[in-house]
Amino acid sequence: MVEAPMDDDLCPRIRRSEQALMAHHEAVLRAYGLTMTQYTVLLALAREGGLSGAQLARSCGVTQQSMSSVLANMETKELIRRETSPVHAKVQIATLTEEGQALLDRAYQEVIILERALTDAFTPAEHATLCELLERATNVLIQQTRRATVPPAG
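A brief report on the enclosed structure follows. (Residues numbered from 1 in each chain as written. Predicted model: local features only at pLDDT ≥ 70, side-chain atom pairs only at ≥ 80, totals over all residues. Heavy atoms only, no water.)

1. With respect to the pattern of salt bridges
Okay, step 1: Going through the model one piece at a time under the given rule, you end up with three salt bridges.
Okay, step 2: Arg 82 is the salt-bridge partner of Glu 75, the closest N and O atoms lying 3.0 Å from each other.
Okay, step 3: Residue classification places Glu 75 among the partly exposed positions, given a relative accessible area of 31%.
Okay, step 4: The partner of Arg 136 in a salt bridge is Glu 132, with the nearest N and O atoms 2.9 Å apart. On the criterion of helical spacing, the pair formed by Arg 136 and Glu 132 is a turn pair, its members being four residues apart in helix H6 (residues 124-148).
Okay, step 5: Assessed through its relative accessible area of 48%, Glu 132 is described here as partly exposed. (Salt bridge = Lys/Arg side-chain N within 4 Å of Asp/Glu carboxyl O. Buried < 20%, exposed > 50% of the residue type's maximum accessible area, 1.4 Å probe, protein only. Helix = DSSP H or I, 4+ residues; strand = E, 2+ residues; numbered from the N terminus.)

If you want it as structure tokens, here you go:
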């Protein structure tokens, strides 16, 4: 017999928080004509400089095929430019354009409001503890996912 989830189960709470976060970001970013993935690409390029589609796909948690269409769309909007890698002729390196940086700067000013509100909801000690606990929970989730994807020996 399977037990019904209890009110203190962590997975539904983590999922609810993630859904609320994504809904907020998507609503804010929609006003800038951006999806969450596009925003994450702009942020990664601003922080890291030029990156390949594969690197951006890993950073954003999407497939390389999905990232390819995201990047093509962003290039059409002139938010990024892609150039052949000097190291690998088949690899395209994406970089921010001035338009992409300007849009990121404007959108970030809206996104940071939520970050500040969340930070202000906790004392500094609570904030530090929450960050540590979330990191620990994330590590457990990653470990469990790795175990679930390994076929049983037999």
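2. Regarding the sheet that holds strand S2 (residues 80-84)
Okay, step 1: Taken together, the three strands give an open sheet; going across it, the order is S1-S3-S2, and neighbouring strands pair in antiparallel fashion. Two strands bound the open sheet, and with one partner strand each, they are strand S1 (51-52) and S2. (Pairing = 2+ DSSP bridges.)

3. Description of unusual backbone geometry
Okay, step 1: Of note in the backbone geometry, Glu 78 takes a positive phi value of approximately 60° without being a glycine.
Okay, step 2: Mapped onto the fold, Glu 78 is located in the loop between helix H4 (64-76) and S2.

4. Digging into a nonpolar patch on the surface
Okay, step 1: A cluster of nonpolar side chains, contributed by Leu 118, Phe 122, Leu 130 and Leu 134, occupies part of the molecular surface with about 320 Å² of accessible area.
Okay, step 2: On the secondary structure map, Leu 118 appears in helix H5 (residues 98-120). (Patch = residues over 30% accessible without salt bridge, like charges linked within 9 Å, V, L, I, M, F, W, Y side chains within 5 Å. Areas by Shrake-Rupley, 256 points an atom, 1.4 Å probe, with all protein chains shown as cover.)

5. What to know about the packing of helix H2 (residues 36-48) against H4
Okay, step 1: It is the contact of H2 with H4, at a shortest axis distance of 11 Å, that shows an interaxial angle of 75°. Taken together, the axis directions place H2 and H4 in an arrangement best described as roughly perpendicular. Mapping the contact onto sequence places Thr 37, Gln 38, Val 41 and Leu 42 in H2 and Met 67, Val 70, Leu 71, Asn 73 and Met 74 in H4.
Okay, step 2: Partitioned by chemical class, the residues of the contact of H2 with H4 number six nonpolar, three polar and no charged. (Axes fitted to C-alpha atoms, helices over the stretch in contact; angles between N-to-C directions. Parallel < 35°, antiparallel > 145°, perpendicular 65-115°, else oblique. Contact = heavy atoms within 4.5 Å. Nonpolar A, V, L, I, M, F, W, Y, C, P; charged D, E, K, R; others polar.)

6. Re the pairing of strand S3 (residues 92-96)
Where a strand is regular, its side chains alternate between the two sheet faces.
Okay, step 1: Note that S1 and S3 share two bridges and pair antiparallel. Its bridge partner lying in S3, Leu 51 is registered against Ala 94.
Okay, step 2: Relative to S3, S2 runs antiparallel, the two being bridged by five bridges. Bridged to Thr 84 within S3 is Gln 92.

7. Things to note about the nonpolar core
Okay, step 1: In this structure, Leu 34, Tyr 39, Val 41, Leu 42, Leu 45, Leu 56 and Met 67 are the most contacted members of the largest nonpolar core, which totals 26 residues.
Okay, step 2: Of all the secondary-structure elements, those providing two or more residues to this core are helix H1 (10-30), H2, helix H3 (53-60), H4, S3 and H5.
Okay, step 3: With seven residues, H2 is the single largest residue contributor to this core.
Okay, step 4: Not counting residues up to four positions away in its chain, the partners in contact with Met 67 are Thr 37, Val 41, Gly 53, Leu 56, Ala 57, Cys 60 and Val 62. (Core = buried A, V, L, I, M, F, W, Y, C linked by side-chain atoms within 4.5 Å.)

8. Regarding the side chain of Gln 38
Okay, step 1: For Gln 38, the position within the fold is in helix H2.
Okay, step 2: One polar contact links the side chain of Gln 38 to the main-chain amide nitrogen of Thr 35, over a distance of 2.9 Å.
Okay, step 3: Looking at Gln 38, its side chain comes within polar contact range of the side chain of Asn 73, at 3.0 Å. (Polar contact = N/O pair within 3.5 Å; in protein donor to acceptor, adjacent residues only side chain to side chain.)

9. Describing the environment of Thr 97
Okay, step 1: With respect to the helices and strands, the residue Thr 97 is situated in the loop between S3 and H5.
Okay, step 2: For Thr 97, a relative accessible area of 8% translates into the label buried.
Okay, step 3: In sequence terms Thr 97 and Asn 73 are 24 residues apart; their C-alpha atoms lie 14 Å from each other.
Okay, step 4: Beyond its immediate stretch of four places on either side in the chain, Thr 97 contacts Glu 78, Leu 79, Ile 80 and Arg 81.
Okay, step 5: Among the polar contacts listed, one links the side chain of Thr 97 to the side chain of Glu 99, at a separation of 3.3 Å.

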